[in-house]
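# Geometric and topological summary
What follows is the residue order along each chain.
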Amino acid sequence: MRSLTTPPYDHEGLVQVLTEAKRIGTIGSASCADVIRHSAYFADALPADVDRVLDLGSGAGVPGLIVAVLRPQLRVTLVDRRAKCTDALHRAVSILGLGERVEVCCDDAEHLSRLPNWHRSFDAVMSRGFGPPLPTLALSALFVRLGGVIVVSEPPADIPDRWQGIDLARMGLSSPQRIGSVGVFHVEQEASTTEA
């Protein structure tokens, strides 16, 4: 499936930021075009009424920075607990001129999820390679308001469903809808128990 959004493969700022991330080791060996293409699916998956988005375990800012470029109406918060990453993210936000609507936070996501101004205060949470399926969903759900969405990277379509055996309804989540290389979960109700 092709992304609905036209990925900005030649976006000078994004190419510069991603090339630097590769150099310092905060992103893998995938080409800049592949990273941008994959991130465009996150942008496609976010509903039109989304305003505040959290990128958990942002690392090099993928997908958060690319989504912020593709969806200029969004306010995006990039969270990573590694100072090496957040230092690079601050520079990237400046290079891309996104300082008015992209925030960078160096902290542990579990700690942030317990703070009143973070708990259930985002319209959407995105994550790419944050952790195993169950902990990723459980933690993400703590940040998303009722009616919001969680968007996570999915393995190739021919890989067995990694969400089998997870009681999504008990977590207050819908079954995932696959959009290209991401899965979208709707937050339908408060989780009945803590699943982490």
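Everything here concerns the structure above.
These numbers come from a predicted model, not from an experiment.

It is worth spelling out unusual backbone geometry at this point. Residue P63 is bonded to the preceding V62 through a cis peptide linkage, with omega at 10 degrees. Relative to the assigned elements, P63 resides in the loop between β1 (52-56) and α3 (64-70). Positive phi values are uncommon outside glycine, yet R120 reaches one of about 50 degrees. For R120, the position within the fold is in the loop between α5 (109-113) and β4 (122-127).

Another aspect to go through is the pairing of β1. Among the 5 residues of β1, 4 are classified as buried, and the element is accordingly described as predominantly covered. As paired strands, β1 and strand β2 (residues 75-80) are joined by 5 bridges and run parallel to one another. Considered in β2, the bridge of D55 is made with L78. Taking the sense of rotation as the criterion, the β-α-β connection linking β1, α3 and β2 turns out right-handed. Pairing analysis gives 4 bridges linking β1 to β4, with the strands arranged parallel.

Attention now moves to the packing of helix α1 (residues 12-24) against helix α2 (residues 32-45). Viewed as axis vectors pointing N to C, α1 and α2 meet at an angle of 110 degrees, and their least axial separation amounts to 10 Å. As judged from the angle between their axes, α1 and α2 are roughly perpendicular. In terms of crossing hand, the pair formed by α1 and α2 is right-handed. Counting all contacts with α1, which are made through L14, V15, L18, T19 and K22, the residues of α2 involved are C32, V35 and I36. In terms of residue class, the contact of α1 with α2 is made up of 6 nonpolar, 1 polar and 1 charged.

Calculation notes
One numbering rule holds for all chains: residues counted from 1, following each sequence as written. The model is predicted, so local features are restricted to residues of pLDDT at least 70 and side-chain atom pairs to those at 80 or more, both for listing and for counting; the totals for chains, interfaces and linings are taken over all residues. Excluding hydrogens and water, the side-chain values take into account all heavy atoms of the structure. Going along the chain from the N terminus, every DSSP run of H or I of four or more residues is numbered as a helix, and every run of E of two or more is numbered as a strand. Here's how the labels work: a residue is buried when its accessible area is under 20% of the maximum for its type, exposed when over 50%, partly exposed in between, all with a 1.4 Å probe on protein chains only. Note on pairing: DSSP must find at least two bridges between two strands before they are called paired. Looking down the strands as they point away from the viewer, one classifies a crossover as right-handed if the path from the first strand across the helix to the second runs clockwise. What counts as an axis is a line fitted to C-alpha atoms, over the stretch in contact for a helix, and the angles between N-to-C directions run from 0 to 180 degrees. Throughout this description, any angle smaller than 35 degrees is read as roughly parallel, any larger than 145 degrees as roughly antiparallel, any in the 65 to 115 degree range as roughly perpendicular, and the remainder as oblique. The handedness criterion is simple: a crossing whose near helix is rotated anticlockwise from the far helix by less than a right angle is left-handed, and one whose near helix is rotated clockwise is right-handed. Contacts are residue-level and defined by heavy atoms, with any inter-residue pair within 4.5 Å sufficient. Think of it as three bins: nonpolar holds Ala, Val, Leu, Ile, Met, Phe, Trp, Tyr, Cys and Pro, charged holds Asp, Glu, Lys and Arg, and polar takes everything else, Gly as well.

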